[in-house]
Amino acid sequence: RNAEEQHRIERLHAACAQMLVARYAPGTPGVAARTGRHWLLAGEADLALEPLRRGANECLGGSEYSLAHELLDEHIRALGAMPATPSDPRWGQNWVLRARLLTLRGRFEDATGWSERAIAGAEQHGWRKGLPDALFARARAASECGDHALAQQRFARAQQLYEDQQDERGAGRALVGRGDAAFRTGDLSNARGYLERGKNILEIVVDPTGEGHALLALGHTALTEGRADEAQGFFHRLLEMQEEVGNRFLLARAIGALGELARARGKLDDAEEQYRRALEIHESI
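Residues numbered from 1 in each chain as written. Predicted model: local features only at pLDDT ≥ 70, side-chain atom pairs only at ≥ 80, totals over all residues. Heavy atoms only, no water.

Q: Even after reading the chapter, I still don't get the overall build of the protein chain, so can you show me in this structure?
A: The helix and strand inventory of the protein chain stands at 14 helices and zero strands. Overall, the protein chain shows an N-to-C arrangement of helices and strands of α-α-α-α-α-α-α-α-α-α-α-α-α-α. Since a compact globule built from 285 residues should have a radius of gyration of about 19 Å, the 21 Å found for the protein chain is in line with a globular shape. Its C-alpha atoms give the protein chain principal-axis dimensions of roughly 70 × 40 × 35 Å. Looking at the protein chain residue by residue over its 285 residues, the buried ones come to 47%. Long-range pairs, those at least 24 residues apart, make up 50% of the contacts in the protein chain between residues at least 6 apart in sequence. In the form shown here, the protein chain has an accessible surface area of approximately 14,200 Å², with 49% of it arising from carbon and sulfur atoms. (Helix = DSSP H or I, 4+ residues; strand = E, 2+ residues; numbered from the N terminus. Rg over C-alpha atoms; globule rule 2.2 N^0.38 Å. Buried < 20%, exposed > 50% of the residue type's maximum accessible area, 1.4 Å probe, protein only. Contact = heavy atoms within 4.5 Å. Areas by Shrake-Rupley, 256 points an atom, 1.4 Å probe, with all protein chains shown as cover.)

And the structure:
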């Protein structure tokens, strides 16, 4: 295209971005990603960054992992187009989200690499708000890899930093992480304490994803302790919550947990049915 045509196209994309911002309330599903893409195509990389980040984060919550990956790649391209300096904390935001995405996709070694990169960047450049997020991402990857001692250490440090910054949501999620890591090592007493504290915080700040992880871990803790009816209550609450908010990953985990409960009660046909339902959702993701 010639320069005049390119300029016209950029103006159209800018107008689309402005229309989306004016027409839709903040947080309307799908709008952030569309807005960011329009700003990027309009040549306004700086304006594209935050909506692209929010869009990718939204996709993680909705289990739209392929789209999240695309948005994170576009976010990186926008940083390069500015160009952003190496000390810009938005690099770290991208790396943390990428680590979270890779953990959800089961690519734990790659997730470890990105979270370590985010930790190093935060410590080198003083990304105060980015450091606990990076530590949390590293802890999650460590937990999935079975390194529960490192997970506990990273979750605990992230919790302290979140509390210092008065970030209740972050602190609540870190407590849930500590509880899950404790459960995986058989420390059921401490697991329950951490999980209940984290759940209470996340319920108050209205974080259905964080609260969902707490309910799942509390249910497994109760089931391990032989309290099947209590476990059923946690799993059903998780199922209802995720059906409402649309997090398919946690929905599948809830259904799979109900399969575990049925198996523990000797209801093997019911267990198989739940396992198959959960598998179908995971495959669709």
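Q: Which parts of the structure should I look at to understand the packing of aromatic side chains?
A: Two measures describe an aromatic ring pair: the distance that separates the ring centres and the angle between the ring planes. Applying the stated rule across the entire model yields three aromatic pairs. Look at tryptophan 95 and tryptophan 127: their rings are 6.1 Å apart centre to centre, the planes differ by 55 degrees, and that puts the pair in the tilted class. Here the residue tryptophan 95 occupies a position in helix H5 (residues 89-104), and tryptophan 127 occupies one in the loop between helix H6 (108-125) and helix H7 (130-144), the gap between them amounting to 32 residues. Both residues of the pair, tryptophan 95 and tryptophan 127, count as buried. Each residue in the set Trp91, Trp95 and Trp127 is aromatic and connected to the rest through ring pairs, giving one cluster. Looking at arginine 98, its charged tip hangs above the ring of tryptophan 114, at a distance of 5.3 Å from the centre. (Phe/Tyr/Trp six-rings, centres within 6.5 Å; stacked < 30°, edge-to-face > 60°. Lys NZ or Arg CZ within 6 Å of the ring centre and 35° of its normal.)

Q: What is the right way to look at the layout of surface pockets in this model?
A: Unoccupied space between atoms shows up once a probe the size of one water molecule is rolled over them. Its volume calculated, the largest pocket comes out at about 1,100 Å³. Lining the largest pocket are 44 residues, with Arg53, Arg54, Asn57, Glu58 and Leu97 positioned closest to its centre. Where the lining of the largest pocket is concerned, the elements lending two or more residues are helix H1 (3-23), helix H2 (31-41), helix H3 (45-61), H5, H6, H7 and helix H9 (168-184). When the residues that make up the lining of the largest pocket are grouped by side-chain class, the tally is 22 nonpolar, eleven polar and eleven charged. Each pocket or cavity is described by its volume, and for the second largest pocket that value is around 930 Å³. The greatest single-element share of the lining of the second largest pocket, amounting to seven residues, is contributed by helix H11 (residues 208-224). Looking at the lining of the second largest pocket residue by residue, the class counts come to 19 nonpolar, 14 polar and ten charged. (1 Å grid on protein atoms, 1.4 Å probe; cavity = no way out; pocket = protein on both sides within 12 Å on 5 of 7 lines; lining within 4 Å. Points joined across faces, edges and corners; volume = space filled by probe spheres on them. Nonpolar A, V, L, I, M, F, W, Y, C, P; charged D, E, K, R; others polar.)

Q: I'm lost on the packing of helix H4 (residues 65-81) against H5 in this one. Help?
A: To characterise two packed helices, one gives the angle between the axes of the helices and the distance between these axes. At a closest axis distance of 10 Å, the pairing of H4 and H5 adopts a crossing angle of 160 degrees. The pairing of H4 with H5 is recorded here as roughly antiparallel in orientation. In the crossing of H4 with H5, the sense of the turn from one axis to the other is left-handed. Facing H4, whose interface residues are Tyr65, Ala68, His69, Leu72, Asp73, His75, Ile76, Leu79 and Gly80, H5 presents Arg90, Trp91, Asn94, Trp95, Leu97, Arg98, Leu101 and Leu104. (Axes fitted to C-alpha atoms, helices over the stretch in contact; angles between N-to-C directions. Parallel < 35°, antiparallel > 145°, perpendicular 65-115°, else oblique. Left-handed = near helix turned anticlockwise from the far one by under 90°.)

Q: Looking at this structure, I do not really get the nonpolar core. What am I missing?
A: Proteins that are soluble and globular tend to have nonpolar side chains buried together. Membership of the largest hydrophobic core comes to 28 residues, with the highest contact counts inside it found for Trp91 and Tyr162. Sorting the residues of this core by element identifies H3, H4, H5, H6, H7, helix H8 (148-164) and H9 as the ones contributing at least two each. Of all the elements, H7 adds the most residues to this core, at seven residues. Once residues within four sequence positions are removed from consideration, tryptophan 91 is found in contact with Ile76, Leu79, Gly80, Ala84, Thr85, Pro86 and Trp127. Formed by 25 residues, the second largest nonpolar core is a distinct cluster that contains Leu195, Leu216, Leu251 and Ala278. (Core = buried A, V, L, I, M, F, W, Y, C linked by side-chain atoms within 4.5 Å.)

Q: Help me out: how do you make sense of H2 in this one?
A: Residues that lie three or four places apart on an α-helix share one face, since the helix turns once every 3.6 residues. Within the span of H2, buried status applies to Val31, Ala32, Ala33, Thr35, Gly36, His38 and Trp39. Buried-residue contacts for H2 involve H1, H3 and H4. Within two residues after H2, glycine 43 carries a phi angle of roughly 80 degrees, on the positive side.

Q: What exactly am I supposed to notice about the packing of H1 against H2 here?
A: Between H1 and H2, the least distance of the axes is 7 Å, while the angle of their chain directions is 155 degrees. Considering their axes alone, H1 and H2 lie roughly antiparallel with respect to each other. H1 and H2 meet at a crossing whose hand is left-handed. Within the contact between the two elements, H1 uses Glu10, His13, Ala14, Cys16, Ala17, Gln18, Leu20 and Val21 and H2 uses Val31, Arg34, Thr35, His38, Trp39 and Leu41. In terms of residue class, the contact of H1 with H2 is made up of eight nonpolar, four polar and two charged.

Q: Would you mind going over the confidence of the model for the protein chain with me for this structure?
A: Low pLDDT marks stretches whose predicted atomic positions should not be read closely. Averaged over every residue, the pLDDT of the protein chain is 96; the share at 70 or more is 100%. Element-level pLDDT for the protein chain is lowest in H1, with a mean of 94, against a maximum mean of 98 in H6. (pLDDT = per-residue confidence, 0-100.)

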